[in-house]
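# Survey of secondary and tertiary structure
Take a look at the letters that make up each chain.
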Amino acid sequence: MSIVFDDVSVVYPNGTRGLDKVSLTIAAGEFVVVVGLSGAGKSTLIRTINGLVPVTSGSLSVGGTEVATARGRRLRRLRAEIGMIFQGFNLVSRRSVMGNVLTGRLHAQTMLRSAFGMHTKADKEIAFEALERVGIVEKAWVRASQLSGGQQQRVAIARALAQQPSVVLADEPVASLDPPTANLVMRDLQRINRDLGITTVVNLHFLDLARRYADRIIGMRAGQVVFDGPAADADDDVFERIYGRSLTAEDVSA
Amino acid sequence: MSSATATTRPKPPPKWPYTVAGLALIGIVLVAGWSLDDAKWERLPQFPGEILQYAGQMLDGVLTWPGGHPEGQSDPDLTYGDWWLQALKLMGESVALAWIGTCVGALFSFPLAFLAASTTAPLVLRVPVRLFFNAIRAVPEILLAVIVMLPLFGLNPMAGAMAIGIHSIGSLGKLTLENIEAVDPRPVEAVTAAGATWWQRIRTAVIPQMMPETVAFWLYRFEVNIRASAILGVVSAGGIGALLNRVLRGREWEWGGIMLVVIIIVTILVDQLSAALRHRILHGAEATAVAA
Amino acid sequence: MSLATLERADGAPKQVRPAKPPPSPLLIGGVLGAVAATVVAGWAIDFSLAPVIEQWPMLTMILEEVVHPEWAEITDPSSRLWIAMKETAAIAVIATFVGSLIALGVALLGSKVSAPPAVFRVTKSVMSMIRSLPDMAYALVFVAVVTGPLPGILALTIFNIGIVAKLTAESIDAVDPGPLEALDAAGATRWQRARVAIVPAVLPNYASYVLYVFELNIRASVVLGAVGAGGVGQLIMLYFNRADYARLAAVVIVIFVVVIAIDLLSQFLRRRLV
Ligand SMILES: Nc1ncnc2c1ncn2[C@@H]1O[C@H](COP(=O)(O)OP(=O)(O)O)[C@@H](O)[C@H]1O
Ligand SMILES: [Mg+2]
């Protein structure tokens, strides 16, 4: 599924401008990393794609469906197509890993089954396969709260995969992880993008991880896109444009 | 130790606001005391002595061999043991009606709370449901019993159970909605992002987060309701209260002592059990695996 | 969990899928226990909703009277109702004040932070015994000495000591041990520790508990009168025995307004405290 931003602005109720006239096209199957300082509008960009943040003006379509006007059932259908991964994993910590991954199948649940919270065999099979893909199937019946951060993020990835999505959005998925684990999770995302052809948009705080994994980098600052190009082009000049200062040793150590 | 320095020492903050507030408080209490013209304050010194004397007689009753026959009763076969059994049976009824009342409260307050929480319901629903909770809480159980439940159910424990149940909807509803609002919003958002409906969101992300605290509140409310059931006895809406009222007013101290001891023991036992369960629900289960 | 398992080429050994564990026996036991308790309790009180249908006409008759309350009782400030209400308020104020004051001292004796082990253990068990009796039971014993507001005040005072002392002692247990250690190191006495480090630290919590029991006391003093301990309860029993539902309705309205007003006031104050 492709994602097309056309002159999209987002103004929050308190008047903050989250996005400022953003126009972008992300092709189906691309692996895009969005970088920028904290407050640059990365989360806002990603959250408009699945309608968690409403668009104020402009038009945004995902796979041909207009997001801004989608409501109710149509919005849920769209969201079902888009898996999301969060910085804080956002698992229901008191439920089992399996219970969490199965929430990725909610969109496929019939009314009657949803009333009693029952899942079909087929759904459970999909959930198991998703867990196998991130290599954590042996923890299927463990409480989510008992896993390490890296394990929890993999469960979250499995939850997104269980949706069988066409798009995966990841909002700073490695910001709460130590560097080795962060690289493992990034590699998982990259591999899923390559194996399954899922369009992937990842927010990252730091440029060097972006350079390592992205096909394409989008740099943001104050709600605007200030760089858009292949990872190889993101040199020190670009860094200064995005972060407003030059590169220091600290920035590349991770 | 020099007398004058360049930097002035700051003065301590004034104390008079506290003094004024304290005096005002004492003033209010004195006015309240003054206004009670038929409070027989002069009888206050007699209380310790008289209460001790009654307590002594109660203790006599409690410590007498249960096979013995109390004096001055119309039935010569009556034993202290009969009093113990009767008190136990009535206290059992109190506990039972408190339990049913708590069940009724839990059953109705649980779904309603989702219509009253800011995270799960729109304002148009929230306002009336919250008003309903507050209104119910403001009417004491005894009035509910007298006006609605006794006419419906007669002088039966059912009346007490329903009065307690309806009253509990208010306080349980309020606590439950607070639990719902305290839920971590991030998992809920994740489920929303996966395309979940309102009900799916609640079932998969909200309820698992707030259920343990809510069940713990139900148990706590059960403890409160056992105490509340005593008052309902006075209007004969079931439980040990009616007889306790009659016996203590008849100054049957030995008999009353036995009843009070039964109340204390049963209440403490139920409290301990309930506290252990609550602790287990809130903390103990953390380490065990759960089913999806 | 290594990345090797991620490449799931066909024929490669699959990770075993663990079987779903059975629900914990404690959960099953808890649910079964609750169901059994409900069945037994329902049987013990002859649970039946049939009277709701049978007696409905009776209730509507009463409610008809209730919706026409005796307004004169409410509008006339010198009515019996208002006199009783003032008495109820005075009982609540005095009982809250005296009970809370004593409770602060008892709380210091009831926490392991501020009292020696033997003292706090004894205090704790005495407190839990006091709390196990409903306020009603105290009132019933005290009205044997004298009727009127005095037994109501005493019953509620004891009730308040029980609650405020327990909650405050729990707050004292949770006091930051840092400053206490500093005081101990400086050679402070028990009393100095309490005055300098403990009481100031728990004061906001304590004040909030006091407001909480004041709310409870307003409700409770309404009820205590039913056994002759002064206040509105006495009126409730009088009108109930006369089946004067129009006047009972007036009582409901006044209690309703007063309780909600006091709730709002105390909520406002508590929000400012914490
Ligand atoms: N819910 C919100 N309400 C108001 N302002 C917001 C909200 N979310 C984000 N913002 C503001 O929008 C701007 C962009 O934020 P965000 O998209 O979260 O940036 P990033 O993810 O790059 O750190 C910031 O100035 C932020 O304060
Ligand atoms: Mg962000």
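Our subject in this report is the structure included herewith. Computed from a prediction, not measured in an experiment: that's the story for all the values here.

Counting its secondary structure elements, chain A contains 10 helices and 10 strands. The globule rule puts the C-alpha radius of gyration for 254 residues at 18 Å, and the 18 Å found for chain A is close to it. Residues classed as buried in chain A amount to 56% of the 254 residues present. Restricting to contacts in chain A with at least 6 residues of sequence separation, those with at least 24 account for 68%. Charge centroids of chain A, computed over 30 positive and 26 negative side chains, lie 11 Å from each other.

Moving on to the interface of chain B and chain A. Taken together, the contact pairs 29 residues of chain B with 29 residues of chain A. Taking both sides of the interface into account, the surface hidden between chain B and chain A amounts to around 2500 Å²; carbon and sulfur atoms contribute 52%. There are 2 salt bridges connecting chain B and chain A. Salt-bridge contacts for Arg-47 of chain A lead to Glu-189 of chain B; the nearest nitrogen and oxygen are separated by 2.3 Å. Our enumeration of links across chain B and chain A arrives at 8 residue pairs in polar contact (both at pLDDT 80 or more). At the level of elements, helix H7 (185-193) and helix H8 (198-234) of chain B are the ones that each hand at least two residues to the side of chain B that touches chain A. Sorting elements by how many residues they give to the side of chain B that touches chain A places H8 of chain B first, with 10 residues. Of the residues contributing to the side of chain B that touches chain A, the split by class is 17 nonpolar, 7 polar and 5 charged.

To continue, consider the environment of Val-252 of chain C. For Val-252 of chain C, the location among the structural elements is in helix H12 (residues 245-273). Val-252 of chain C gets classed as buried once you look at its relative accessible area, which sits at 18%. Taking C-alpha positions, Val-252 of chain C is 43 Å from Phe-120 of chain C, a pair spaced 132 residues apart along the chain. Non-local contacts of Val-252 of chain C, meaning those with residues more than four positions away in its chain, are made with Leu-143 and Ile-147 of chain B.

All right, on to the pattern of salt bridges then. Evaluation of the coordinates by the stated rule reveals 27 salt bridges over all chains. Three or more residues joined by partner-sharing salt bridges are found here, namely Arg-133, Arg-154, Asp-188, Arg-191 and Asp-195 of chain A.

This part is about the site of ligand 1. Residues and elements named next belong to chain A. The environment of ligand 1 is made up of Tyr-12, Asn-14, Thr-16, Leu-37, Ser-38, Gly-39, Ala-40, Gly-41, Lys-42, Ser-43 and Thr-44. At 3.4 Å from a nitrogen atom of ligand 1 is found a side-chain nitrogen or oxygen belonging to Tyr-12. Contact between ligand 1 and Ala-40: an oxygen atom at 3.2 Å from a main-chain N or O atom of the residue. When ligand 1 sits alone it has 560 Å² of accessible area, and the protein chains cover 63% of it. Grouping the amino acids of the shell around ligand 1 by side-chain chemistry returns 3 nonpolar, 7 polar and 1 charged.

Our next topic: a nonpolar patch on the surface. All names here are of chain C. A surface patch of nonpolar side chains, amounting to about 370 Å² of accessible area, comprises Leu-27, Val-31, Val-35 and Val-39. Structurally, Val-39 is set in helix H1 (residues 25-44). Its relative accessible area of 56% is what places Val-39 among the exposed residues.

Residues and elements named next belong to chain A. Reading across from one edge, E2-E1-E4-E5 is the order of the 4 strands in this open sheet, with antiparallel pairing throughout. Two strands in the sheet have a free side with no partner beyond their single neighbour: strand E2 (17-26) and strand E5 (65-66). Pairing between strand E4 (residues 57-62) and E5: 2 bridges, direction antiparallel. Bridge pairing in E5 links Ser-61 to Glu-66.

This paragraph deals with the packing of helix H11 (residues 232-242) of chain C against H12 of chain C. All names here are of chain C. Contact geometry for H11 and H12: axes closest at 9 Å, N-to-C directions at 155 degrees. Comparing their axes, H12 and H11 come out roughly antiparallel. You can see that H11 and H12 cross each other, and the crossing is left-handed. In this structure, H11 uses Val-232, Ile-236, Tyr-239 and Phe-240 to contact H12, whose residues at the interface are Arg-247, Leu-248, Val-251 and Ile-255. Considered class by class, the residues forming the contact of H11 with H12 number 7 nonpolar, no polar and 1 charged.

All right, on to unusual backbone geometry then. Of note, the phi angle at Phe-89 of chain A is positive, near 65 degrees, even though the residue is not glycine. By the element assignment, Phe-89 of chain A lies in the loop between strand E6 (82-85) and helix H3 (97-102). Owing to a relative accessible area of 10%, Phe-89 of chain A belongs among the buried residues under this scheme. The backbone of Arg-251 of chain B sits at a positive phi, close to 55 degrees, despite the residue not being glycine.

Another point: a positive patch on the surface. Together, Arg-113, Lys-121 and Lys-124 of chain A together with Lys-20 of chain C give the surface a local cluster of positive charge. Here Lys-121 of chain A shows up in helix H5 (residues 121-133). Judged by its relative accessible area of 76%, Lys-121 of chain A is exposed.

Residue and element names in this part refer to chain A. Residues Asp-233, Asp-235, Asp-237 and Glu-240 make up a contiguous surface patch of negative charge. In this structure, Asp-237 sits in helix H9 (residues 236-243). Relative accessible area serves as the criterion here: at 59%, Asp-237 is assigned to the exposed category.

The next point concerns the sheet that holds strand E8 (residues 199-204) of chain A. Residues and elements named next belong to chain A. What the 6 strands build is an open sheet, ordered E6-E7-E8-E3-E9-E10; its pairing is mixed. Edge positions in the open sheet fall to E6 and strand E10 (224-230), since each of these has one partner strand only. Along the sheet, successive strands turn relative to each other by an average axial angle of 15 degrees, direction set aside. Judged from the 5 bridges that link them, strand E7 (residues 167-171) and E8 form a sheet pairing that is parallel. What sits directly across from Ala-170, in E8, is Val-202.

Let us now look at the packing of helix H5 (residues 141-153) of chain B against helix H6 (residues 157-181) of chain B. All names here are of chain B. Running from amino to carboxyl end, H5 crosses H6 at an angle of 135 degrees, the nearest separation of the two axes being 8 Å. As the angle between them shows, H5 and H6 are arranged oblique. In this structure, the crossing between H5 and H6 has a hand that is right-handed. Mapping the contact onto sequence places Glu-141, Leu-144, Ala-145, Met-149, Leu-150 and Phe-153 in H5 and Met-158, Ala-159, Met-162, Ala-163, Ile-164, Ile-166 and His-167 in H6. Its residues assigned to classes, the contact of H5 with H6 shows 11 nonpolar, 1 polar and 1 charged.

Here is what the cut-offs are and how they apply
- Residues numbered from 1 in each chain as written.
- Chains lettered and ligands numbered in written order.
- Predicted model: local features only at pLDDT ≥ 70, side-chain atom pairs only at ≥ 80, totals over all residues.
- Heavy atoms only, no water.
- Helix = DSSP H or I, 4+ residues; strand = E, 2+ residues; numbered from the N terminus.
- Rg over C-alpha atoms; globule rule 2.2 N^0.38 Å.
- Buried < 20%, exposed > 50% of the residue type's maximum accessible area, 1.4 Å probe, protein only.
- Contact = heavy atoms within 4.5 Å.
- Lys, Arg positive; Asp, Glu negative; His and termini not counted.
- Charge placed at Lys NZ, Arg CZ, Asp CG, Glu CD.
- Buried area = accessible area lost by both parts, 1.4 Å probe.
- Salt bridge = Lys/Arg side-chain N within 4 Å of Asp/Glu carboxyl O.
- Polar contact = N/O pair within 3.5 Å; in protein donor to acceptor, adjacent residues only side chain to side chain.
- Nonpolar A, V, L, I, M, F, W, Y, C, P; charged D, E, K, R; others polar.
- Near = heavy atom within 4 Å.
- Areas by Shrake-Rupley, 256 points an atom, 1.4 Å probe, with all protein chains shown as cover.
- Patch = residues over 30% accessible without salt bridge, like charges linked within 9 Å, V, L, I, M, F, W, Y side chains within 5 Å.
- Pairing = 2+ DSSP bridges.
- Axes fitted to C-alpha atoms, helices over the stretch in contact; angles between N-to-C directions.
- Parallel < 35°, antiparallel > 145°, perpendicular 65-115°, else oblique.
- Left-handed = near helix turned anticlockwise from the far one by under 90°.

Shape descriptors only; they carry no functional weight alone.
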